[in-house]
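Observations on the three-dimensional arrangement
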Amino acid sequence: MEFSQLRIFQAVAEEGSITRAAERLHRVPSNLSTRLKQLEEQLGVDLFLRERQRLQLSPAGKVLLDYAIKLFALHDEAHAAVQGGQPAGDFVLGTMYSTAAIHLPDLLAGYHRTYPAVNLQVQSAPSGELLEGLLTGRLDAALVDGPLELAGLDGVPLCDERLVLITEADHPPVRSALDVQGRSVFTFRQGCSYRMRLEAWFAHDHAAMGRAMEIESYQGMLACVIAGSGVALMSESMLASLPGRERVRMHPLAEPFASATTWLMWRKGMVGANLTAWIELQQQARPRAPLMVERSA
């Protein structure tokens, strides 16, 4: 069994598709299919079950994926150790879309400039998908909506956000969810933490939320709200960055829905040189944030 085979296996397991795994690894699908078949023949087991054109892990595949994640973690740890603890190699960082657009550019530029030996890869997704990526080992760290109290994760805060509801410009003031009940809501797909906050806001005010219209960009959400098609929730900093923001009305929310904190999270015990370097850089950008949270026993 080769490391390259395990990398292919892990990619297919996480993507659920040979085609998407091939795109992720920059290889042709036929090559991945051949290597997977060879791995299954070597082990004498089926690693995947094919259901509705999607690959699902078999029981044996789930066991192997768990070991593969541990092996890759040990591999990265060994690589860092022989490098003298200097940041180097792959570092995969997940982030929410708004964080990537507003808060990451300066941090990314500083990290690339200071640690050129690190192959920093950034993947944007809703918070739910980012947490899944952390727990499965696909991501080394992730910037998500927090704070979080999940077993197996540690973290530090990156920034505080003010959340606002936006409507068309001539909409009356919104004092509660009852003022917009039944209206369409433009949001990201399931797993988005801001979407869950919005749903909780409607539930708190005993108001019926309208149809959730999934949009893949804040620019698209803003355009739909300008057209008078519904409402959306976003951070004040995100709205301030968007052209056309003067064509909507911004409505502040009451606590506990008005504020959010973005956290950098990682798996406990997996703080290597690359992540430590990022935390230190982030610490400089947010002087009041502690370098590390206290670890639970």
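Now for a quick tour of the structure.

Here is what the cut-offs are and how they apply
- Residues numbered from 1 in each chain as written.
- Predicted model: local features only at pLDDT ≥ 70, side-chain atom pairs only at ≥ 80, totals over all residues.
- Heavy atoms only, no water.
- Salt bridge = Lys/Arg side-chain N within 4 Å of Asp/Glu carboxyl O.
- Helix = DSSP H or I, 4+ residues; strand = E, 2+ residues; numbered from the N terminus.
- Core = buried A, V, L, I, M, F, W, Y, C linked by side-chain atoms within 4.5 Å.
- Buried < 20%, exposed > 50% of the residue type's maximum accessible area, 1.4 Å probe, protein only.
- Contact = heavy atoms within 4.5 Å.
- Lys, Arg positive; Asp, Glu negative; His and termini not counted.
- Polar contact = N/O pair within 3.5 Å; in protein donor to acceptor, adjacent residues only side chain to side chain.
- Phe/Tyr/Trp six-rings, centres within 6.5 Å; stacked < 30°, edge-to-face > 60°.
- Lys NZ or Arg CZ within 6 Å of the ring centre and 35° of its normal.
- Disulfide = S-S within 2.5 Å.

As for the pattern of salt bridges
- With the rule as written, the count across this model stands at 12 salt bridges.
- A salt bridge links aspartate 145 to arginine 197, with the shortest nitrogen-to-oxygen separation between them at 2.7 Å. Taken together, the residues span a long stretch of sequence, with aspartate 145 in strand β5 (residues 141-146) and arginine 197 in helix α8 (residues 193-204) at a distance of 52 residues.
- Residue glutamate 255 pairs with arginine 162 through a salt bridge whose shortest N-O separation is 3.4 Å. Within this pair, whereas glutamate 255 is found in the loop between β10 (248-252) and β11 (259-267), its partner arginine 162 is found in strand β6 (residues 153-168), the two being separated by 93 residues in sequence.
- Three or more residues joined by partner-sharing salt bridges are found here, namely Glu14, Glu15, Arg20 and Arg24.

Comments concerning the nonpolar core
- Ranked by internal contacts, the top residues of the largest apolar core, which has 33 residues, are Leu165, Ile166, Trp201, Phe202 and Tyr218.
- Those residues within four positions of tyrosine 218 in sequence are excluded, and the remaining contacts are Tyr97, Ser98, Phe188, Tyr194, Leu233, Met234, Met238 and Leu242.
- Ranked by size, the runner-up nonpolar core spans 21 residues in total, among them Ile8, Phe9, Val12 and Phe48.

Considerations on the side chain of aspartate 205
- Structurally, aspartate 205 can be placed in the loop between α8 and β8 (212-214).
- Although aspartate 205 is buried, it forms no salt bridge, and the closest oppositely charged side chain is arginine 175 at an N-O distance of 12 Å.
- At 3.1 Å, the side chain of aspartate 205 and the side chain of histidine 204 are in polar contact.
- Aspartate 205 has contacts with Ser176, Ala177 and Leu178, leaving out every residue within four places of it along the chain.

Quick look at the packing of aromatic side chains
- Applying the stated rule across the entire model yields 9 aromatic pairs.
- The interplanar angle of 70 degrees and the centroid separation of 5.5 Å between the aromatic rings of phenylalanine 3 and phenylalanine 72 together place this pair among those described as edge-to-face. Of this pair, phenylalanine 3 sits in helix α1 (residues 3-15) while phenylalanine 72 sits in helix α4 (residues 59-82), and the two are 69 residues apart along the sequence.
- Both rings, one in phenylalanine 188 and one in tyrosine 218, keep their centres 4.9 Å apart while their planes meet at 85 degrees; by these two values the pair is edge-to-face. Of the two residues, phenylalanine 188 is situated in the loop between β7 (185-187) and α8 and tyrosine 218 in helix α9 (residues 218-226); the sequence distance between them amounts to 30 residues. For the pair shown, phenylalanine 188 and tyrosine 218 are each scored as buried.
- Three or more aromatic residues link up through ring pairs in this structure, and these residues are Phe91, Tyr111, Tyr115 and Trp278.
- Residue placement shows arginine 7 over the ring face of phenylalanine 72; its charged tip is 3.8 Å from the ring centre.
- Positioned above the aromatic ring of tyrosine 67, the side-chain terminus of lysine 70 is 5.6 Å from the ring centre.

Concerning unusual backbone geometry
- In the segment running from glutamate 255 into proline 256, the intervening peptide bond is cis, with an omega of 10 degrees.
- Among the secondary structure elements, proline 256 is positioned in the loop between β10 and β11.
- Unusually for a residue other than glycine, histidine 26 sits at a positive phi of about 60 degrees.
- According to the relative accessible area criterion, histidine 26 is exposed, its value standing at 73%.

Focus on the state of the cysteines
- Following the criterion strictly, the structure yields 0 disulfides and no others.
- Summary of cysteine pairing: cysteine 192 is not part of a disulfide, and the nearest cysteine sulfur, belonging to cysteine 159, is at 15 Å.
- For cysteine 192, a relative accessible area of 6% translates into the label buried.

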